[in-house]
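# Examination of the molecular architecture
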Amino acid sequence: REVVSKIKPDLIHIWGTEWNGSYITVMANLGIPVLVSIQGITASVRKHLSGNRKTIEILRWLTIHDLIAPSGLMSIYRDLKRTSTMEFKAIEQLHYFECATPFMEAWVRSVNNKAEVFQCNSILRPVFYKFRWSESSMQNHSLFLPDAFMSYKGFDVMLKSAEILIKEFPYLQIRVAGVVPRKGFFEASGYERFMHSIIKKKNLESKIVFLGPLKSDRLCHEMLSSHCV
């Protein structure tokens, strides 16, 4: 309220419902139009928090990290459960939304059928406009994925399906950007250990390349040289 009284904005723009900013705005009752940009729905993420693992697989690969770390499975579950409640209230009571996909728009309208939904295409960094993908520049049968670190991204599904793909595409290579999954009982999460076990069990060591965090130009290059993103 203090910030709003000083700046006197015509509009408050909030990125995402997952960090409670939209809920705080609802509670503050500021009397100013609020636009919320949604790139993900916390409640839907929570359903897939453990990935595609069965309960026995979660317990088998459980680590100290899962139990006590702020980024561990238990902490994230508690945070998402709390945030999902606030997210629902924010969507229910706010009016203006910008949704990244039709799925998110459908979710918003299922909670608030009076909501106004806008499409506001985001501008990418300049390097992504300099080039175009072409068959001549791609690496045949290569897949590029943006993230393998978080369980709800579904990388374990990709690993299991790789075994099927290799039968038809023996030169398949899966290149993964983002944080490299760690190893070890104390450092790694159960999901990271689970992924490494799949890679080892299915002999995928030569098929998976973890690229680490990428800057814009390298990210652009990886996308351009891949057969499929």
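Structure: see above.
Below, the structure is looked at part by part.

Conventions adopted
Residues numbered from 1 in each chain as written. Predicted model: local features only at pLDDT ≥ 70, side-chain atom pairs only at ≥ 80, totals over all residues. Heavy atoms only, no water. Helix = DSSP H or I, 4+ residues; strand = E, 2+ residues; numbered from the N terminus. Pairing = 2+ DSSP bridges. Axes fitted to C-alpha atoms, helices over the stretch in contact; angles between N-to-C directions. Buried < 20%, exposed > 50% of the residue type's maximum accessible area, 1.4 Å probe, protein only. Contact = heavy atoms within 4.5 Å. Core = buried A, V, L, I, M, F, W, Y, C linked by side-chain atoms within 4.5 Å. Salt bridge = Lys/Arg side-chain N within 4 Å of Asp/Glu carboxyl O.

### What to know about unusual backbone geometry
If you check the backbone angles, Asn29 has positive phi at about 50° while not being a glycine. Its location among the elements puts Asn29 in the loop between helix H2 (21–28) and strand S2 (34–38).

### Observations regarding the sheet that holds strand S1 (residues 12–15)
Judged by pairing direction, the sheet is parallel, and its four strands sit side by side in the order S1-S2-S3-S4 without closing on themselves. What marks the edges here is a single partner per strand, and that holds for S1 and strand S4 (116–118). Geometrically, the sheet is characterised by an average inter-axis angle of 25° between neighbouring strands, direction not taken into account. As paired strands, strand S3 (residues 96–99) and S4 are joined by three bridges and run parallel to one another. Residue pairing in the sheet places Phe97 in a bridge with Val117 of S4.

### Describing helix H10 (residues 216–225)
An α-helical turn contains 3.6 residues, so any two residues separated by three or four positions project in the same direction. Along H10, the residues classified as buried are Ser216, Cys220, Glu222, Leu224 and Ser225. Contacts from the buried residues of H10 go to strand S5 (142–145), strand S6 (173–177) and strand S7 (208–212).

### Quick notes on the nonpolar core
Counting 19 residues, the largest nonpolar core has Ile12, Val34, Val36, Ile38, Leu94, Phe97 and Val108 as the members making the most contacts within it. Not counting residues up to four positions away in its chain, the partners in contact with Val108 are Ile38, Ile91, Phe97, Cys99 and Ala115. Residues Leu145, Ala148, Phe155 and Tyr191 belong to the second largest nonpolar core, which totals 18 residues.

### A closer look at the pattern of salt bridges
Scanning all chains against the criterion turns up seven salt bridges. The salt bridge involving Glu105 is made with Arg109; its shortest N-O contact spans 3.0 Å. Separated by four residues within a single helix, Glu105 and Arg109 lie in helix H7 (residues 102–111), roughly one turn from each other. Note on Glu105: relative accessible area 29%, which makes it partly exposed. We note a salt bridge from Glu163 to Lys202, for which the minimum N-O separation is 2.9 Å.

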